[in-house]
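# Observations on chain architecture
Listed below are the residues making up each chain.
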Amino acid sequence: QVLLVESGGGSVQAGASLRLSCVASGLSFSMNAMGWFRQAPGKEREFVAAISWRGVNTYYADSVRGRFTISRDNAKNTVYLQMNSLKPEDTAVYFCASARQRTAVLGAELYDYWGQGTQVTVSS
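Before going into details, it helps to say that this report is about the structure given with it. Just so it is clear, the structure is predicted and the values come from calculations on it, not from any experiment.

### Here's the deal with the nonpolar core
Counting 37 residues, the largest nonpolar core has Trp36, Val79, Leu81, Met83 and Tyr94 as its most contacted members. Every element with two or more residues in this core is listed here: strand E3 (18-25), strand E4 (33-39), strand E5 (46-51), strand E7 (68-73), strand E8 (78-83), strand E9 (92-99) and strand E11 (118-123). Residues in contact with methionine 83, not counting those within four places in the same chain, are Ala16, Ser17, Leu18, Leu20, Arg67, Phe68, Tyr94 and Val120.

Okay, here's the thing in structure tokens:
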């Protein structure tokens, strides 16, 4: 049984930083690519960042590039999303996801497991 649990969300002012964590269980974490997605009310789910199985290759949406950093600690079965210089448009529920492959993927339809999400709210 696969379980992904996100944490670290909260309400902050524009320009602040947050670090999201996602702890995985019930899967071969070190063999799976991981990703972060977000969804704001009334909007479609969108890709944020992805990381390959060893963490060597990372990918970012243009909207977060240079501000967000994805990383992973396979010994802890955890993937992180460091978010700096947060903007009001970053407000959303953030989900971590796992794909049953080593290569990072950007399409939500290619991920196999999803967490419950953690809320990030950025005030202007």
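### Some remarks on the side chain of aspartate 90
Within the fold, aspartate 90 resides in the loop between E8 and E9. Take aspartate 90: its relative accessible area is 0%, and that puts it in the buried class. With near-sequence residues (within four places) excluded, aspartate 90 lies in contact with Arg38, Arg67, Phe68, Ser85, Val120 and Val122.

### What to know about the sheet that holds strand E1 (residues 3-7)
The strand order E1-E3-E8-E7 describes an open sheet built from four strands, whose pairing is antiparallel. Two strands bound the open sheet, and with one partner strand each, they are E1 and E7. With strand direction ignored, the average angle separating the axes of adjacent strands in the sheet is 15°. Of the strand pairs in this sheet, E7 and E8 are connected by six bridges, and their pairing is antiparallel. Bridge pairing in E8 places threonine 69 opposite glutamine 82.

### Notes on the pairing of E11
The alternating pattern of E11 places Thr118, Val120 and Val122 on a buried face, while none of Gln119, Thr121 and Ser123, on the opposite face, is buried. Looking at chain direction, strand E2 (residues 10-13) and E11 are connected through four bridges and run parallel. Among the inter-strand pairings, glycine 10 is bridged to a residue of E11, identified as valine 120. Two elements, E9 and E11, share three bridges in a ladder whose sense is antiparallel. Across the sheet, residue alanine 92 finds its bridge partner in E11, namely valine 120.

### Side note on the packing of aromatic side chains
Summed over all chains, the structure comprises four aromatic pairs. Geometrically, the ring pair formed by phenylalanine 37 and phenylalanine 47 is edge-to-face, given 5.7 Å between the ring centres and 75° between the ring planes. Placement of phenylalanine 37 in strand E4 and of phenylalanine 47 in strand E5 is noted, with a sequence separation of 10 residues between them. You can call phenylalanine 37 buried: its relative accessible area is 1%. Clustering of aromatic rings is evident, with ring pairs tying together Phe37, Phe47, Tyr111 and Trp114. Sitting over the ring of tryptophan 53, arginine 102 keeps its end group 5.1 Å from the ring centre.

What counts, and where the lines are drawn
- Residues numbered from 1 in each chain as written.
- Predicted model: local features only at pLDDT ≥ 70, side-chain atom pairs only at ≥ 80, totals over all residues.
- Heavy atoms only, no water.
- Core = buried A, V, L, I, M, F, W, Y, C linked by side-chain atoms within 4.5 Å.
- Buried < 20%, exposed > 50% of the residue type's maximum accessible area, 1.4 Å probe, protein only.
- Helix = DSSP H or I, 4+ residues; strand = E, 2+ residues; numbered from the N terminus.
- Contact = heavy atoms within 4.5 Å.
- Pairing = 2+ DSSP bridges.
- Axes fitted to C-alpha atoms, helices over the stretch in contact; angles between N-to-C directions.
- Phe/Tyr/Trp six-rings, centres within 6.5 Å; stacked < 30°, edge-to-face > 60°.
- Lys NZ or Arg CZ within 6 Å of the ring centre and 35° of its normal.

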